[in-house]
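In case you want the letters, here they are:
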Amino acid sequence: MVVNNSSNSSSANGSSNVGGGQRPAAAAKRAPPPSTWTVFLFHFALPMALVAILSNINDIYSGLVSFPSHLLHHTSNTAKTMQPKLSTESRVKLPTLSPKERPTAAAVNNQQHPQTQTTAKTTTTRPTVATTKSSTTTTTTQSSKTSTSSTSSNHPRHRQNAASDPFHQQMETNIRTLRHQYKQAVNTPNEHLAAIQLADFLKYRDTVIHDGGTYQMEAIEVYSSALSLLEDKWRNMMTNGEDTRKTAMTHNNEQHDDEENDYYSTGLNHEIFLDYGSKSIEGLLCATYTNLGKTYFMSNMFERAVQSHNQCLSYDHRYIDALSSRGQAYIILGKYKEAATDFFQVLYMDSNRLFGNVVTGLARCLSADDNVIDGGWESLVQLLEADIPRQVESLQRAKELSDDSAAATIKHYADILKHMHHAMFQYHDTKTKNVSEAWKHLSKGNEYKMSTLAPFDEAFELDKVSRLKNVFTPGFWPAGMGSDTKTPIFIIGFVRSGSTLLERILDAHPLIVGTGEDSVFNGRLDSIRNDIIKASMAGQGEFLQTVKKLADDVVVDMIKRWEIIDANTNSEEDLSSERAQEPTRFVDKMLSNYMNVGFIHLLFPNALILHVAREPMDSIFSAFKHDFPPGGFDYTSEFSSLARLYHGYRDVMEHWDKVLPGRVTHIRYEDLVKDLPGMAPKILEKAGVPWDPAVLEFHQKKHAVNTLSTTQVRKGVYSHHLKGWKRYEDFLEPLLKRIGSRVEFKLSTSLTPSTS
């Protein structure tokens, strides 16, 4: 692949690098003035080194290094109580050997068990997945959410990109240990278990340290090996006439027939909560296929995810974990009817509500299409109205417990009630239009969510913004630093600002690839910062070379990451039409990178930075009403913390406009939706690519979008939702007071012709 790297060393707004002023081309080749280098050393390198040291000491004294025992030794103890999470967090890849060399386990299973219903299609090619480090949006399942919330620090956002903190370091130590154990187990009877154990921890690490999914590709590769071994073992057992699944037992240890509504005691579902050593061979295969699907989902390979879940369901078409996870993948692929069918089936079988995310998943489907299930919304609402009181009673009983499982059980019921109330909010918000009822459920759902989180650390947020302003000052950036490439396009902004719409528009261009919230740059940021600090101490020459190499490495990884995902995407669109040209631009849409504009400019002084700004209260209320996966947006569900986060965002963006005037290109969301034909050509010109009318039909492209905006962007551009917060203005009055004068955002779109 040839990527178009411009040799133009000017910044994206047409001016030379900040601090250097306008100089003749010949003068630009001279070394940066000593004063700029001195500013950099004393205003960045030394302060950042001190911050890293102090942060490390603080974390040591905070006692952050702790891990759930089930990740190192799977047990079924929690299954004896309410069991709010699964012990089957293994992720497995498709078989190593091709189908020509041996049939897949699922294919053989279909012949041996004709009574088992299946929708699986035999995989005909092995997925092209390399063992590489990559970044991805950390979209988690219910079990992932439980692990993240219960084991991370009180303020998990402190740990993002924190390679120097002891928690992160202990994670790496554990991974090295598990890799060694896996290597030692090769060609032994326990090789598959060692592989699953390693891959489990790789997955777990990427759910609690939000740096872009560093180990997902390795986890897929390791799980592939485990699944290959399991399939060999399964075939041998079938040939020898051995039992390949356990007999379901009741609590009295008697054989259990298929009793109505007791689905955890039938089929392979009764093995879901067993430790790996206690599962049957089919229980292991079903669990690993399911978790392979979850890993593909986390890696944005959604078609592969569905295929893997289908393989599991060929063993047991009622396997709840696979149905729940396949439904999530179907939503991303825009297959709402299929997703709703899976979700409703899980709701019917899962009387203990261990898979609470199917409630909001089904609500999302109904919001997109009221006819995806028989009875529409009413079918779900009747179920929830009957179930919510029961879950409240269960939560009250859990609060009276005093054993070790109390905290996890309380969190489980709080999460379930959060999902249920959020689903009822969507019903009243979109269907009945009853604002009072909608608000009642939204506020109650958010109350349950916040009850499981540590108090918001406002001092941390204030200090973070203050340090940024003190470090990145005018004249900070040495002239001549970074890479000349214009390959990356960074989209930044506050959450729910319209960034997904902008990315989809760009991705519709044949020369631009949108990678979703899958930031390679953000995933490597902490190591980049540390390498920059080290290089700055070694002298100016090494510093400039290091920064350029770090930037080029990010671009290489972005391309590799896209190639892997592209090779593992089997949509009809991909099969029917190939890109006429290789892409030359890759969109990095990690909204929180508004905090990292200083680093982006340091590495990529010519890369386009697009800031999407939306009418403040539309963006803020949208953040308040959405339930984000655990991580950086945990605290958008209460007024005080949400207001502080928004003020921090505005403070930071005002700072960049002050110290790097013109460097960030602002795009008003309202301008985009009101005049896409007028805005799109200017955006493409700014990106340095020729006009292509396909961008105006972006919503026709069959592209998976793994964000909360999935259903919206498939509808195209519409403006009826502008100022939608006004319907709830009376309830939002306390929040309006906290936002103050910033309820107005006097920022104009700043698109100007590109200098490329």
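Everything discussed here concerns the structure shown above.
Below is a short write-up of the structure. Predicted model, so just to flag it, every value in this text is computed and none were measured.

So, the pattern of salt bridges
Opposite charge on two side chains allows them to pair when their charged atoms are near. For the coordinates displayed, the defined rule picks out 29 salt bridges. Here Lys411 ties to Asp415 by a salt bridge, and the two come within 2.5 Å at their closest N and O atoms. Of the two residues, Lys411 and Asp415 are both situated in helix α13 (residues 406-432); the distance of four residues between them amounts to about one turn of the helix. By relative accessible area, Asp415 is classed as buried at 6%.

Side note on the packing of aromatic side chains
Evaluated as defined, the whole model comprises 25 aromatic pairs. A centroid spacing of 6.3 Å and a plane angle of 50 degrees characterise the contact between Phe425 and Tyr728, whose relative ring orientation is tilted. Within this pair, whereas Phe425 is found in helix α13, its partner Tyr728 is found in the loop between α25 (710-713) and α26 (733-739), the two being separated by 303 residues in sequence. For Tyr728, a relative accessible area of 1% gives the class buried. Here the aromatic rings of Phe472 and Phe599 are separated by 5.5 Å at their centres, their planes lie at 80 degrees, and the arrangement is edge-to-face. With a gap of 127 residues between them, Phe472 in the loop between α15 (458-471) and β1 (488-493) and Phe599 in helix α20 (residues 597-603) connect regions that are remote in the sequence. Side by side, Phe472 and Phe599 carry an identical accessibility label, which is buried. Aromatic rings pair up to connect Phe425, Trp439, Phe621, Phe624, Phe639, Tyr728 and Phe731 into one cluster. Over the face of the ring belonging to Phe745 we find Arg650, whose NZ or CZ atom lies 3.8 Å from the ring centre.

Describing the state of the cysteines
Summed over all chains, the structure comprises one disulfide. Note on cysteine connectivity: Cys286 is disulfide-linked to Cys312, with sulfurs 2.2 Å apart. A torsion of 60 degrees about the S-S bond marks the disulfide between Cys286 and Cys312 as right-handed. Of this pair, Cys286 sits in helix α7 (residues 281-298) while Cys312 sits in helix α8 (residues 302-313); the two residues are 26 residues apart in sequence, bridging distant segments of the chain. One exposure class covers both Cys286 and Cys312, and it is buried.

A closer look at helix α9 (residues 320-332)
With 13 residues, α9 extends 19 Å between its outermost C-alpha atoms, agreeing within 8% with the 18 Å of an ideal straight helix rising 1.5 Å per residue. Among the 13 residues that make up α9, 13 are buried, leaving the element largely enclosed by the rest of the structure. Looking at the residues trailing α9, positive phi occurs at Gly334, about 80 degrees.

Some thoughts on the side chain of His441
Relative to the elements of secondary structure, His441 occurs in helix α14 (residues 435-450). The class of His441 is buried, set by a relative accessible area of 8%. Of the polar contacts made by the side chain of His441, one reaches the side chain of His421; its length is 3.0 Å. Among residues more than four places away in sequence, those in contact with His441 are His421, Met424, Phe425 and His428.

Reading guide: rules and limits
Residues numbered from 1 in each chain as written. Predicted model: local features only at pLDDT ≥ 70, side-chain atom pairs only at ≥ 80, totals over all residues. Heavy atoms only, no water. Salt bridge = Lys/Arg side-chain N within 4 Å of Asp/Glu carboxyl O. Helix = DSSP H or I, 4+ residues; strand = E, 2+ residues; numbered from the N terminus. Buried < 20%, exposed > 50% of the residue type's maximum accessible area, 1.4 Å probe, protein only. Phe/Tyr/Trp six-rings, centres within 6.5 Å; stacked < 30°, edge-to-face > 60°. Lys NZ or Arg CZ within 6 Å of the ring centre and 35° of its normal. Disulfide = S-S within 2.5 Å. Expected span 1.5 Å × (residues − 1). Polar contact = N/O pair within 3.5 Å; in protein donor to acceptor, adjacent residues only side chain to side chain. Contact = heavy atoms within 4.5 Å.

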